[in-house]
Amino acid sequence: MPATIPSVAFVGGGPRTAGILERLAANRPELFAQPLAIHVIEPHAPGSGRIWRYDQHPGLLLNSAAADITMFTDASVACEGPAADGPGLAAWAVGVLDGTIADVPRLAPELRRQLRALTGATFPTRQLQSVYLEWFFRRAVSGLGPDVRVTVHRDTAVRIDSDHDGPGSGGYRLRLAGGGTVDADVVVSALGHTDSLPDEASAGRAAFAARHGGFHAAPSYTTDVDYSGVAAGQDVIVSGMGLAFVDLVVLLTEGRGGRFRETPDGGLAYVPSGAEPRLWAGSRRGVPYHSKISSALRGEAAGDPRFFTAAAIQELLARHGELDFRTQLWPLIAKDAGYGYYREIFTGYPERVSISWDEFSDRFAALDWYSPERERLVLESVPDAAFHLDFEQLDRPLTGLDTAGRDFAGPDDVQRAVAGYIENDLRLRTSPDHSETLALFTALLKVYMDLGRLVPAERLNARSQHTVHGWWHGFFSFVDSGPPPQRLRELLALHRAGLLRFIGPGLEITADEVSGQFVASSARGAVRVSAKALIEARLPSPAVTGSDNPLLRYLHSSGLGSEQTVLTAEGLHATGRLLVSRANELVSPLGEPNRRLFAVGPNTSGWGAGAFARPGTNAAPFRENDALARRILGLLARDLSRDGERRDSERGEVEAAAVPAASGKAQSWNN
């Protein structure tokens, strides 16, 4: 089943695929300036895909400001391919308005209004972002050139068959849900976030709700859940207070006709429609993610990491067979984050410190983060304890907050503590006098992006595999990937209106067969609530064997791929992710990499984060996109070299006839 001309198929057509297409275009002149067929299999609009599609509630926002969003591999990206500077979202909006960017469909009046109001500091709607992503996809396709045929199949891949016995050569045939097929020499799975089949706990809760006439929503992409079973005025327990929770609040309040209004005193009030339920929210921490930051650095930028470096990691790898995240990597990460944080305090706010930055930094560099000497240095040089960085307090913010670590005195104590925490977070993260929060944000972002590049996943012990994908990713998201400040103001307004109540930290949920209700309480006591409705407000954890996506399940069950399983001194640990090599190749159960079958995204063992990023940050997904594109083109070039006569003959035939559509839903995008 060979493809007629060299052919690459992408399963998933969201922003990650668009980014790889742009890198294919940038690298083709050097590596493979020959005709090529590209297939993109995506049931939603290509470029935006499922998660970023236009068809979402218009009130849903990104958690990044417009100035922090680009799809272009700019000159900051350390990669072998050429840079491709282009407009990020903010500059794109300006270009659309002034006509310098004309290849954009006619926009609805509301989107035109959003464009006119957009600044670099604006948190754009997902609908506007979808237009930018779809424009970038078209731009990437056009950059491939006239001898590259791109066909989009608005369909779902359900199976992949190979025409070879080993993982090193041959082609693939993808079977689509609509009955069509796609033949390709190389396949890239870029599916992004997918749903999972209910695990045992969620299935049990769903069955409980069904038996007792209740409502249960398992972990899923929030906007794809049907909440019509949640009645007005109904009490609803919400498990999780991250970004999915924020989206849920939008859908169940503004999405049901309510609205927010500014008050004369500068506050925010909620005007209900009467269709809203009453939400009871809790989580492990008991508080929402930190607000995004609106301040600018006042002091000297910290630059690149100084302690969590390639040299430091290589030294650890040379001394240890396995690395432990908590004891060996986290102290370096914490020290780098602390360095950036204190540099901003010392150089931006000298009135807050008692010694010079030069003296502090020299002494700081010689000390371990968790040493008594480092703690003593901070105590002596930063008199106000409010400016002491404590990662454990940051991670468990309600410990010691107004309660000195004791159980809460009662439900009202919980409400005051959580609301007070949110108010304080807004004050710190939106005030120009607290730019140390931005310094911490930036330092954590840099090491987060570098972790997968510097640390081989297979060199982590089993406990650390759990920690990296669990605690570390969660902590980073909690500190750095929170919602716009406006969303936290809205949570407080809903709390004052009586439509949002807080359960507290250490959320525990049980099902009471006698009452037919879910029961939620906090490990710290004080709040206990019973309700017929439970919403698990988070994305599902990766589970390749239990994925809702048929191709992911097939890749595992067929033996083309395998689940990441790490054998360490502590035993066997399965992560739920497809195992990929450092070159993003799927790895078979025998440990053999499939040289022509690649996978990227959150359902793989790769550590690349996201699909778009901040400009000028040498972003990890852009580095990975370039390397993968060059790998694909190199494979095709070697094929051409080996089989020159056959390929020349096939190309002669194709030049006389267009590549046929592979299914009834296929659409040519550039010919």
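The model shown is predicted, which means the values in this text are computed figures rather than measured ones.

Draft legend 1. Seen up close, the overall build of the chain. When helices and strands are tallied, the chain shows 18 helices and 22 strands. For 671 residues, the compact-globule estimate of 2.2 N^0.38 gives 26 Å, and the chain sits close to it at 26 Å. Taken over the C-alpha atoms alone, the chain extends approximately 80 × 65 × 60 Å along its principal axes. For the chain, the residues scored as buried account for 56% of the 671 residues in total. Considering only residue pairs separated by 6 or more positions, the chain has 75% of its internal contacts joining residues 24 or more positions apart. Charged side chains in the chain number 68 positive and 79 negative. The centres of these two groups are separated by 3 Å.

Draft legend 2. Geometry of the nonpolar core. Of all hydrophobic cores here, the largest spans 111 residues; its most connected members are Phe245, Leu329, Tyr342, Phe391, Val455 and Trp472. Discounting chain neighbours no more than four positions away, the residues touching Phe245 are Val238, Gly240, Ala281, Leu491, Leu500 and Ala537. With 55 residues, the next largest nonpolar core counts Met71, Phe598, Leu633 and Leu635 among its residues.

Draft legend 3. Representation of the environment of Asp161 in the model. Counting through the fold element by element, Asp161 comes out in strand E4 (residues 157-162). For Asp161, the side chain forms a polar contact with the side chain of Arg175, separated by 2.9 Å. Within polar-contact distance, the side chain of Asp161 engages the side chain of Tyr554 at 3.3 Å.

Draft legend 4. Examining the confidence of the model for the chain more closely. With 92% of its residues at a pLDDT of at least 70, the chain reaches an overall mean of 91. Counting contacts from residues 650-664, a segment whose pLDDT is below 50, to residues more than four positions away or on other chains yields 20 contacts.

Draft legend 5. Seen up close, the packing of helix H1 (residues 15-31) against helix H17 (residues 620-642). It is at 8 Å that the axes of H1 and H17 come closest, and there the two elements cross at 50 degrees. Relative to H17, H1 is oriented oblique. The crossing of H1 and H17 is right-handed. Across the interface between the two elements, Arg16, Gly19, Ile20, Arg23, Leu24, Asn27, Arg28, Glu30 and Leu31 from H1 touch Pro621, Glu624, Asn625, Asp626, Leu628, Ala629, Arg630, Ile632, Leu633 and Ala637 from H17. For the contact of H1 with H17, the class distribution of residues is nine nonpolar, three polar and seven charged.

Draft legend 6. Structural detail: H1. Between the first and last C-alpha of H1 there are 23 Å, a value that for 17 residues agrees with the 24 Å anticipated at 1.5 Å per step. Within H1, the axis deviates most sharply at Ala25, by approximately 30 degrees, and proline Pro29 lies no more than four positions further along.

Draft legend 7. Fine view of the pairing of strand E16 (residues 528-531). Burial of E16 is one-sided: the residues Val529 and Ala531 facing one way are buried, the residues Arg528 and Ser530 facing the other way are not. Counting the residues that bridge the hairpin from strand E15 (residues 517-522) to E16 gives five residues, and of these Gly525 lies at a positive phi of roughly 80 degrees.

Draft legend 8. Region of the structure containing the packing of helix H8 (residues 325-348) against helix H13 (residues 436-454). In contact at an axis separation of 8 Å, H8 and H13 are set at 145 degrees when each is read in the N-to-C sense. Read as a crossing pair, H8 and H13 show a hand that is right-handed. Counting all contacts with H8, which are made through Phe325, Leu329, Ile333, Asp336, Ala337, Gly340, Tyr341, Glu344 and Ile345, the residues of H13 involved are Glu436, Ala439, Leu440, Ala443, Leu444, Val447 and Leu451. When the residues that make up the contact of H8 with H13 are grouped by side-chain class, the tally is twelve nonpolar, one polar and three charged.

Draft legend 9. Region of the structure containing helix H3 (residues 109-117). Leu111, Gln114 and Leu115 are the residues of H3 that are buried. For H3, the angular spread of the buried residues around the axis is 100 degrees, confining them to a single face. Facing away from the buried side of H3 by over 90 degrees, the exposed positions are Pro109 and Arg116. In this fold, the buried residues of H3 make contact with helix H2 (89-98) and helix H4 (126-143).

Draft legend 10. Examining the sheet that holds E16 more closely. The strand order across the open sheet formed by three strands is E14-E15-E16, and the pairing between neighbours is antiparallel. Unpaired on one side and paired on the other, strand E14 (507-512) and E16 mark the two borders of the sheet. The sheet shows a mean angle of 20 degrees between the axes of neighbouring strands, taken without regard to direction. Where E14 and E15 come together, six bridges link them in antiparallel fashion.

Draft legend 11. Main features of unusual backbone geometry. Located in the positive-phi region is Asn584, a residue other than glycine, with phi close to 70 degrees. Even without a glycine there, the phi angle at Asn618 is positive, about 50 degrees. Turning to its location among the elements, Asn618 is positioned in the loop between strand E21 (593-599) and H17.

Draft legend 12. Examining empty space enclosed by the protein more closely. Under the definition given, this model contains one cavity of 30 Å³ or more. Reported here for the largest cavity is a volume of approximately 30 Å³. The wall of the largest cavity is formed by Ala217, Ala218, Ser220, Thr222, Val225, Tyr227, Ile535, Glu536 and Ala537.

Draft legend 13. The side chain of Asn584, seen in detail. Inspection of the secondary structure puts Asn584 in the loop between strand E19 (571-578) and strand E20 (585-587). For Asn584, the contacting residues outside a window of four places in its chain are Leu597, Phe598, Ala599, Val600, Glu624 and Arg631.

What counts as what
- Residues numbered from 1 in each chain as written.
- Predicted model: local features only at pLDDT ≥ 70, side-chain atom pairs only at ≥ 80, totals over all residues.
- Heavy atoms only, no water.
- Helix = DSSP H or I, 4+ residues; strand = E, 2+ residues; numbered from the N terminus.
- Rg over C-alpha atoms; globule rule 2.2 N^0.38 Å.
- Buried < 20%, exposed > 50% of the residue type's maximum accessible area, 1.4 Å probe, protein only.
- Contact = heavy atoms within 4.5 Å.
- Lys, Arg positive; Asp, Glu negative; His and termini not counted.
- Charge placed at Lys NZ, Arg CZ, Asp CG, Glu CD.
- Core = buried A, V, L, I, M, F, W, Y, C linked by side-chain atoms within 4.5 Å.
- Polar contact = N/O pair within 3.5 Å; in protein donor to acceptor, adjacent residues only side chain to side chain.
- pLDDT = per-residue confidence, 0-100.
- Axes fitted to C-alpha atoms, helices over the stretch in contact; angles between N-to-C directions.
- Parallel < 35°, antiparallel > 145°, perpendicular 65-115°, else oblique.
- Left-handed = near helix turned anticlockwise from the far one by under 90°.
- Nonpolar A, V, L, I, M, F, W, Y, C, P; charged D, E, K, R; others polar.
- Expected span 1.5 Å × (residues − 1).
- Bend = angle between axes of the 7 residues up to and from the residue.
- Pairing = 2+ DSSP bridges.
- Arc of directions from axis to C-beta.
- 1 Å grid on protein atoms, 1.4 Å probe; cavity = no way out; pocket = protein on both sides within 12 Å on 5 of 7 lines; lining within 4 Å.
- Points joined across faces, edges and corners; volume = space filled by probe spheres on them.

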